[in-house]
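# A closer look at the structure
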Amino acid sequence: MPLPFSSIPAGAAMPDITLQAFMAQLTIGLIGGCFYALLSMGLAIIFGLLNIINFTHGAQFMMAAFLAWIGLTQIGPWLGYPDFQVSFWVALVLAPLCVAVFGMAIERLLLARLYHLDHLYGLLLTFGVALVMEGGFRYAFGVSGQGYEPPEILQGPVDVGFMLLPKYRIFVVVASLLICFGTWFLFERTKLGAYLRAGTENPRLLQAFGINVPVMITLTYGFGVALAGIAGVLAAPIMQVTPLMGGNLLNIVFAVVVIGGLGSILGSMLTGLALGLIEGLTKVVYPEASTVVVFVIMALALLVRPAGLFGRDV
Amino acid sequence: MRARFIGLALGASIASLTIPALAADKVSDGVVKIGILNDLSGIYSDFTGRGSAVAAQIAIDEMGGKVLGAPVELVAADHQNKPDIAANLAREWFDQGKVDMIADFPTSSTALAVMEIAKQKNRVTMLSAGVAMAAINEKCSPLNAQWMVNTYALAAGTAKALLKTGRKSWYFVTADYTFGHSLEKDASAMVEAEGGKVLGVSRHPFPGGDFSSFMLKAQASGAQVIALANAGSDTVNAVKQAAEYGIGRSDKQVIAPLLTYITDVKSLGLAKAQDMYLTEAFYWDYDDRSRAFAEKYFAKMKRMPSASQAAVYSAALSYLKAIEAAGTDEAGAVMAKLRTMTIDDAVIRNGHLRADGALVHDMLLLQVKKPAESKRDWDFYTVKSVLKGEEVFPKPSDACPLNAKG
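Residues numbered from 1 in each chain as written. Chains lettered and ligands numbered in written order. Predicted model: local features only at pLDDT ≥ 70, side-chain atom pairs only at ≥ 80, totals over all residues.

### Looking at the overall build of chain B
Stated precisely, the cut-off is as follows: Each helix corresponds to a stretch of at least 4 residues labelled H or I by DSSP, and each strand to a stretch of at least 2 residues labelled E; elements are numbered beginning at the N terminus. C-alpha atoms define the radius of gyration in this analysis, and the globule rule sets the expected value at 2.2 Å times the number of residues to the power 0.38. Exposure in this text rests on C-beta crowding, where 20 or more other C-beta atoms within 10 Å of a residue's own make it buried, 12 or fewer make it exposed, and counts in between make it partly exposed. The C-beta atoms are placed from the backbone.
Looking only at helices and strands, chain B features 16 helices and 15 strands. For chain B, whose C-alpha radius of gyration is 22 Å, the value lies close to the compact-globule estimate of 22 Å for 406 residues. Once the C-alpha set of chain B is aligned to its principal axes, its extents read approximately 70 × 45 × 40 Å. Each of the 406 residues in chain B was classed as buried or not, and the buried ones make up 56%.

Following this line, the structure appears as structure tokens:
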């Protein structure tokens, strides 16, 4: 394993990289990890309570990004007021809410009919819904993608010593860490969280105590989807907004959830961040393997701890 | 059902009455049918897709909808970028659909599959969007024309122009699959042949999401040119994220995407794409003739044509003119005629079709305008120079048996 310091002579297979560049790559890895953490947490929450493997997560992520883009560039002309815009900050709240309401409608109308069946049916349904959503956006907006400018206050880079880091990326890291921590706190340290965890454990008993479990399930699904929505709006200024942006990311996020342990909130958050860093490091050493490495770790994790690193053994 | 049948029968008898007996002798099945096979729903649908069929229709209309007295018809289908689907559709079109020529093919694998079938059935293929070198090298066919560009010509245009300005040190950011590798290989060979140096390569997974890591490595290499050997959303994301980090914003280090379509620039926006050098075979705002075609297209599509869509227009027009000149729609005779013609229309300039199927013609070295310089939507490029076909297209390869014959 080559050490990433400039004092090491650059050999044939050894990447010639300075400490500065190494730090820069780690930081980029951390930014990627934040998206993994946000997305995988939503998946973990949904799986924990609903036992549904939510394949629409990527499409919901994409939908929020599109809503933000529509708000910023399209809605004014549509309404006949070309100057009217929904700013990034408003979109950051509004788009996840819209996506959550859309998600809850899907849960009430479709998913709720499948709870008594095998996991596989939920997976197939959500996968189908995702394909329909992607197809719809592709039909309406094409595939080349749309650009989304970050708000003015977050444009441009700042010098953080070892690199020029775009302000927007710093904002993404801070915002996602706050949201992750808040979610963890909500689920693990509050009374509401206790109900939710009890619902995971034994929904019937909880219902017997007078808690409206179906409503709780719907709201939880909405919350998980809203997390995907927040990630989508955060991603819009970084990635091109395209109908396929979520699908591409989702494969990796699923691996993250499996490694962290299905249903473990803390696990998916920490695993997401860690895998972002590992992916970043792989890009330094051997970029060709940067996607594969996540799946190699998943295979290893499944061999050693089938329930995931943070999962409870069943 | 019954009414429809009667309608069909009536239509067929009227059609057979209107076709002059003369045309029936010269044109097989009494109709010249052009098929457009491309991506109508997937990642390549913006620069080919429905627009390609619209472009072909413009060509047919310009010919008056008829050639040698026989009607010209158009069909289009989605090959979903899958060679097996493309092959099945092509077989059906040739066997039952009376299709004489199929054009477009944004995915090289579909192009190669259909070329083989067309050769067996004695029909013509015109790759207006297919850019694989194999189509004019080891897989070349006497009944095929690569009617726009190939990866070599695209790389050569940009690479040679940048080398001429003294930018000799290069770094490649390459999509890690066959297409990216061949683009990188061709471009590096040119760089080294001109006394330049390749300082490093980052090969990214396909499709990639976050390119900042690769772009930072490229920046740190100190190379004068960061060449992107990828396409579509990968190119767009790489350029966009480079702009975020302020990479490629000075004259000391420029970003050069080796395969870019006008749809990519549209998607990026001029603020992000400004100052980039790129090579395209067609730009709508090049001169009065190209503008006249583009406006016709715009009237129907509300977008300007991409180089691939424009190529479909030129391919269909030249194909029909060749039928007229040859006096028959027999594939071999039409191709022989095409090879003797000088192709000069709204899209292709100084074009000659070679034995191996490469259409050698002028290309454009372009620079993306700054937002302030752009006067309207789709006003994206400044034409830096016209590159002569002989300078940018590869020499005939020995891998193609048609070249060996002389």
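### A short note on unusual backbone geometry
Backbone geometry places B:Asn81, a non-glycine residue, at a positive phi of 60 degrees. Turning to its location among the elements, B:Asn81 is positioned in the loop between strand S3 (70-78) and helix H4 (83-95).

### Observations concerning the sheet that holds strand S5 (residues 124-126) of chain B
Residue and element names in this part refer to chain B. Heads up, the condition is: Two strands form a pair only when DSSP identifies at least two bridges running between them.
If you walk across this open sheet you meet the 6 strands as S2-S3-S1-S4-S5-S6, and the pairing is mixed. Each end of this open sheet is capped by a strand with a single partner; those strands are strand S2 (66-67) and strand S6 (144-145). The pairing of strand S1 (residues 32-38) with S3 spans 7 bridges and is classified as parallel. Each residue of the ladder has a partner; that of Leu37, found in S3, is Ala77.

### Observations concerning the pairing of S3(B)
All names here are of chain B. Bridge count between S2 and S3: 2 bridges; the pairing is antiparallel. Note that in S3 the partner of Lys66 across the bridge is Pro71. Taken together, S2 and the strand that follows it, S3, pair antiparallel across an intervening segment of 2 residues, in which Leu68 is found at a positive phi of about 50 degrees.

### Re the interface of chain B and chain A
Short version of the rule: By definition, residues are in contact whenever their C-beta atoms, placed on the basis of the backbone, come within 7 Å of each other. Throughout, the ten residues Ala, Val, Leu, Ile, Met, Phe, Trp, Tyr, Cys and Pro are labelled nonpolar, Asp, Glu, Lys and Arg are labelled charged, and all others, Gly among them, are labelled polar.
Between chain B and chain A, the contact holds 32 residues from the first and 26 residues from the second. Each residue belonging to the side of chain B that touches chain A can be placed in one class, and the counts come to 9 nonpolar, 14 polar and 9 charged.

### Notes on the UniProt feature "domain: Leucine-binding protein" (unreviewed entry) in chain B
The line we're drawing: UniProt positions are given in the numbering used here, feature names are shortened, and annotations may be inferred rather than shown by experiment.
Per the UniProt annotation, the sites labelled "domain: Leucine-binding protein" (unreviewed entry) are residues 32-369 of chain B. The annotated region residues 32-369 of chain B carries 44% helix and 19% strand content, and the separation between its end C-alpha atoms amounts to 42 Å.

### Quick word on the domain arrangement of chain B
Much of the literature gives interface size as the accessible area that the parts lose upon coming together. Residue and element names in this part refer to chain B. Convention followed: Boundaries between domains were set according to an automatic or database domain assignment.
Domain annotation of chain B identifies domain 1 (24-149 + 287-361) and domain 2 (152-280 + 371-392). Placing a centre on the C-alpha atoms of domain 1 and another on those of domain 2 gives a separation of 29 Å. Facing 11 residues of domain 1, the contacting portion of domain 2 comprises 12 residues.

### Re the nonpolar core
Definition in use: For our purposes the nonpolar core covers buried Ala, Val, Leu, Ile, Met, Phe, Trp, Tyr and Cys residues that link as a set through C-beta atoms within 7 Å.
Judged by nonpolar contacts, the single largest core of 231 residues is most densely connected at A:Leu38, A:Ala65, A:Ala68, B:Ala311, B:Tyr313 and B:Ala316. Considering each element in turn, this core owes the most residues, 18 residues, to helix H1 (residues 19-50) of chain A. Composition of this core by domain shows at least three residues from each of domain 1 (24-149 + 287-361) and domain 2 (152-280 + 371-392) of chain B. Among all residues touching B:Tyr313, those that are not within four sequence positions of it are B:Ala55, B:Ala56, B:Ile58, B:Ala59, B:Phe293 and B:Val347.

### Considering the confidence of the model for chain A
To keep it simple, the criterion reads: Values of pLDDT, ranging from 0 to 100, describe the predictor's confidence in every residue of the model.
When pLDDT is averaged along chain A, the result is 88, and 94% of the positions lie at 70 or above. Taken as a whole, residues 1-14 of chain A scores under 50 in pLDDT and shows 13 contacts with residues more than four places along the chain or in a different chain.

### Let's talk about the packing of helix H5 (residues 167-189) of chain A against helix H8 (residues 213-235) of chain A
Residue and element names in this part refer to chain A. Stated formally: Axis definition: a line fitted to C-alpha atoms, limited for helices to the stretch in contact. Angles are taken between N-to-C directions and run from 0 to 180 degrees. Each angle receives one of four descriptions, namely roughly parallel if under 35 degrees, roughly antiparallel if over 145, roughly perpendicular if within 65 to 115, and oblique otherwise.
Axis separation between H5 and H8 bottoms out at 11 Å; the angle between their running directions is 175 degrees. Overall, the two elements H5 and H8 adopt an arrangement that is roughly antiparallel. From H5, Val172, Ala175, Ser176, Ile179 and Thr183 reach across to H8, where they touch Leu227, Ile230 and Leu234. Residue classes in the contact of H5 with H8 are distributed as 6 nonpolar, 2 polar and no charged.

### Let's talk about the UniProt feature "transmembrane region" (unreviewed entry) in chain A
Residues and elements named next belong to chain A. In the numbering used here, UniProt assigns the "transmembrane region" (unreviewed entry) feature to residues 22-49, 61-80, 86-107, 119-141, 168-187, 208-232, 252-278 and 285-304. Within the segment residues 86-107, helix and strand shares are 91% and 0% respectively, and the terminal C-alpha atoms sit 28 Å apart. The span residues 168-187 is 100% helix and 0% strand, and its two end C-alpha atoms sit 28 Å from each other.

### Section: the sheet that holds strand S10 (residues 254-257) of chain B
Residues and elements named next belong to chain B. Judged by pairing direction, the sheet is parallel, and its 4 strands sit side by side in the order S8-S7-S9-S10 without closing on themselves. Either end of the sheet is taken by a strand with one partner, and the two such strands are strand S8 (197-204) and S10. Strand-to-strand, the axes of this sheet are offset by a mean angle of 20 degrees, without reference to chain direction. When strand S7 (residues 169-175) meets S8, the two strands line up parallel, connected through 7 bridges. Paired with Phe172 across the bridge in S8 is Val201.

### Brief notes about the packing of helix H3 (residues 49-62) of chain B against helix H13 (residues 307-326) of chain B
Residues and elements named next belong to chain B. The cut-off we apply is this: Crossing handedness follows the turn of the near helix against the far one: under a right angle anticlockwise gives a left-handed crossing, and clockwise gives a right-handed one.
Contact geometry of H3 with H13 gives a least axis separation of 8 Å together with a crossing angle of 30 degrees. With respect to the hand of their crossing, H3 and H13 are arranged in right-handed fashion. On the side of H3, the interface is formed by Gly51, Ser52, Ala55, Ala56, Ile58, Ala59, Ile60 and Glu62, while H13 contributes Ser308, Gln309, Ala310, Val312, Tyr313, Ala316, Leu317 and Leu320. Among the residues making up the contact of H3 with H13, the classes are represented as 11 nonpolar, 4 polar and 1 charged.

### Here we look at the environment of B:Ala307
Residues and elements named next belong to chain B. Turning to its location among the elements, Ala307 is positioned in helix H13. Sequence separation of Ala307 and Val347 is 40 residues, and the distance between their C-alpha atoms is 8.4 Å. Leave out the neighbours within four places in its chain, and Ala307 touches Met148, Tyr261, Glu280, Ala281 and Phe282.

### So, helix H6 (residues 151-164) of chain B
All names here are of chain B. Here is the rule we go by: Here a helix's expected span is defined as the number of its residues, less one, multiplied by 1.5 Å.
For H6, spanning 14 residues, the distance from its first C-alpha to its last is 20 Å, which sits close to the expected 20 Å at 1.5 Å a residue. Most of H6 sits out of view: 11 of its 14 residues are buried. For H6, the full list of buried residues reads Thr151, Tyr152, Ala153, Leu154, Ala155, Ala156, Gly157, Thr158, Ala159, Ala161 and Leu162. The first or second residue beyond H6 is Gly166, which carries a positive phi of 90 degrees.

### Topic: the environment of B:Glu184
Residue and element names in this part refer to chain B. By the element assignment, Glu184 lies in helix H7 (residues 178-193). Classification of Glu184 as buried rests on a count of 24 C-beta atoms within 10 Å. Between the C-alpha atoms of Glu184 and Gly157, which are 27 residues apart in sequence, the distance is 14 Å. Residues in contact with Glu184, not counting those within four places in the same chain, are Phe172, Thr174, Val201 and Ala229.

### Notes on helix H2 (residues 57-79) of chain A
Formally: Two axes enter the definition of the bend at a residue: one is fitted to the seven residues ending there, the other to the seven starting there, and the bend is the angle between them.
The principal kink in H2(A), of about 50 degrees, is found at A:Gly71. A:Gly80 lies just past H2(A) and shows a positive phi near 90 degrees.

### A look at the pairing of strand S11 (residues 277-280) of chain B
All names here are of chain B. In S11, alternate side chains face the same way, and those of Tyr277 and Thr279 on one face and Leu278 and Glu280 on the other are all buried. The pairing of S11 with strand S14 (residues 363-368) spans 4 bridges and is antiparallel. Its bridge partner being in S14, Tyr277 is matched across the sheet by Gln367.

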